[in-house]
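# Examination of the molecular architecture
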Amino acid sequence: MEWRQDTVRLAPKPRGFHLVTDQILERGPRLEDFQTGLLHVFIRHTSASLTINENAAPAVRGDMERHFNEMVPENQPYYQHTVEGPDDMPAHIKASLLDTSLSVPLQDGQPAFGTWQGIYLNEHRDNGGARSVVVTAYGETA
Amino acid sequence: MEWRQDTVRLAPKPRGFHLVTDQILERGPRLEDFQTGLLHVFIRHTSASLTINENAAPAVRGDMERHFNEMVPENQPYYQHTVEGPDDMPAHIKASLLDTSLSVPLQDGQPAFGTWQGIYLNEHRDNGGARSVVVTAYGETA
Amino acid sequence: MEWRQDTVRLAPKPRGFHLVTDQILERGPRLEDFQTGLLHVFIRHTSASLTINENAAPAVRGDMERHFNEMVPENQPYYQHTVEGPDDMPAHIKASLLDTSLSVPLQDGQPAFGTWQGIYLNEHRDNGGARSVVVTAYGETA
């Protein structure tokens, strides 16, 4: 049984949904010798989030941003938490609708993603700055 | 410390929310001898998803489908990812609103579900085909 | 490798989003000697849920409740599961939009929360009663 844990700092990104699978896998713990285990990714913020979705067509990521802006509009009359700007409260709501953590099985040294799956960092603020994720791999090693 | 991992193929289902607890538990790894641990279920797709919800009244599953179709309608004017049909982009959004993976505590050889909890496979495509889930159980065995 | 698991009963709360980090950490398993691991929290209900969000401004929790009531209104004409009252079917939908389980990395004996992160119990029923969560900590101990 082996545990590995690293913190990965992701450079500031514009508001929207971004594919970050490669950055996470290259800069997180080494996975090659996990025969059976799990990969866990945790974002240490409440106005950005993670999700797993389509890793190919960029239009999917644009449509995600456009639809979440419809489902969670800025400037709703019932928002009371408005001091940090119109994008702040929607960012908190989107973060809870999406995910703070992801976990993916490890099989034969690799995450068992389906063909079309990738990890998204979802930046919900207009100027969110760098984001920090904790990447933990654990399981049986060869 | 013990790890067990199996891939379970779920036969094609119509669009909607389906109770699959029994299929997952019968066809996934043996759980009886885990004293303390976790059961992890991961779906290897981006247009179908998992969730835990009410395991009795079928109307709950119908209402889930009807409400998600209201929250994430087809043919929105801002969708750009339209080549795979009107049900495709909503399927991706629904998959991120719901879950790609679930985890449930194992206690005395069984998942610690509440009385009314069951695992749903949520098929968001009109013709999604078979779906593959990776089921991982890990923990202390007797 | 160490496993610890406790069930924590949370007293009845009014409908809305409630910060419960301290209750969970004080009444769940002891964490101080986990060097590297994970903390897992699972709610055994389908009409209440968990999420991680802002731990300071109470207005965030009020805005969450108000926005989820807009996104998932009561008395929709397409709801068929109505026997348990107008708040019941929306509660099931909100529970699936939010989370049944959370997991947070353990580092040097503490959950690796970001500065502003806390655990919410989201009570979606008007009179939900007490809620039970299973708290599991596992990892390498010093």
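Residues numbered from 1 in each chain as written. Chains lettered and ligands numbered in written order. Predicted model: local features only at pLDDT ≥ 70, side-chain atom pairs only at ≥ 80, totals over all residues. Heavy atoms only, no water.

### Brief notes about empty space enclosed by the protein
Convention followed: A 1.4 Å probe that fits but cannot get out identifies a cavity on a 1 Å grid over protein atoms alone, an open set with protein on both sides within 12 Å along at least five of seven lines counts as a pocket, and a residue lines either if it has an atom within 4 Å of a point. Grid points are joined across faces, edges and corners, and a volume is the space filled by probe spheres set on the points. Secondary structure is summarised from DSSP: a helix means a run of H or I of at least four residues, a strand means a run of E of at least two, and numbering begins at the N terminus for each. Polar here means any residue outside two lists: the nonpolar Ala, Val, Leu, Ile, Met, Phe, Trp, Tyr, Cys and Pro, and the charged Asp, Glu, Lys and Arg; Gly therefore counts as polar.
The full count for this structure, using the stated rule, is 2 cavities of 30 Å³ or more. Counted as a void, the largest cavity has a volume near 360 Å³. Lining the largest cavity are 27 residues; nearest its centre among them are S101 and S103 of chain A, S101 of chain B together with S101 and S103 of chain C. For the lining of the largest cavity, the secondary-structure elements that each account for two or more residues are β3 (34-43) and β5 (101-107) of chain A, β3 (34-43) and β5 (101-107) of chain B together with β3 (34-43) and β5 (101-107) of chain C. Its volume calculated, the second largest cavity comes out at about 30 Å³. Lining the second largest cavity are I52 of chain B together with I43, H45, T46, A48, S49, A95, D99 and T100 of chain C. Of the residues assigned to the lining of the second largest cavity, the class counts are 4 nonpolar, 4 polar and 1 charged.

### Notes on the relation of the copies chain B and chain A
Threshold: Residues reaching a pLDDT of at least 70 in both copies supply the C-alpha atoms on which the copies are superposed by least squares. The contact criterion used throughout is that any non-hydrogen atoms of two residues lie within 4.5 Å.
Of the two same-sequence chains, chain B is brought onto chain A (RMSD 0.0 Å, axial shift 0.0 Å) by a rotation of 120°. This pairing of chains is accounted for by a three-fold axis. Scanning chain B for the C-alpha nearest the rotation axis identifies L97 of chain B, at a separation of 3.4 Å. Different-surface contact between copies: only 18% of interface residues of chain B are shared with the interface of chain A.

### Remarks on the sheet that holds strand β1 (residues 2-10) of chain A
Residue and element names in this part refer to chain A. Quick note on the threshold: In this scheme, strands are said to pair when DSSP sees at least two bridges between them.
If you walk across this open sheet you meet the 5 strands as β1-β8-β3-β5-β6, and the pairing is antiparallel. For this open sheet the edge positions go to β1 and β6 (110-111), each flanked by a neighbour on one side alone. In the sheet, β3 pairs with strand β8 (residues 131-141) via 9 bridges, with the strands oriented antiparallel. Considered in β8, the bridge of H40 is made with T136.

### Some words on the packing of aromatic side chains
Convention followed: Stacked, tilted and edge-to-face are the three classes applied to pairs of Phe, Tyr and Trp rings, where Trp contributes its six-membered ring and a pair requires centres within 6.5 Å; stacked means planes under 30 degrees apart, edge-to-face means over 60, and tilted covers the rest. The classification of residues rests on relative accessible area computed with a 1.4 Å probe and restricted to protein chains. Under 20% of the type maximum is buried, over 50% is exposed, and intermediate values are partly exposed.
Applying the stated rule across the entire model yields 18 aromatic pairs over all chains. Measuring from ring centre to ring centre gives 6.4 Å for F17 of chain A and Y120 of chain A, while their planes differ by 75°; the resulting arrangement is edge-to-face. Here Y120 of chain A lies in strand β7 (residues 117-123) and F17 of chain A lies in strand β2 (residues 16-19), a separation of 103 residues in the sequence. F17 of chain A sits in the buried class, given a relative accessible area of 6%. Through a chain of ring-to-ring contacts, the aromatic side chains of W3 and Y138 of chain A, W3 and Y138 of chain B together with W3 and Y138 of chain C assemble into a single cluster.

### Considering the pattern of salt bridges
Two side chains of opposite charge can pair, provided their charged atoms sit close to one another. Here is the rule we go by: The term salt bridge refers to a pairing of a side-chain nitrogen on Lys or Arg with a carboxyl oxygen on Asp or Glu at a separation within 4 Å.
Within the structure shown, the criterion is met by 30 salt bridges over all chains. With a shortest N-O distance of 3.3 Å, R4 of chain C and E2 of chain C are connected by a salt bridge. Among the ionic contacts, a cluster of salt bridges with common partners joins E2, R4, R30 and D33 of chain A.

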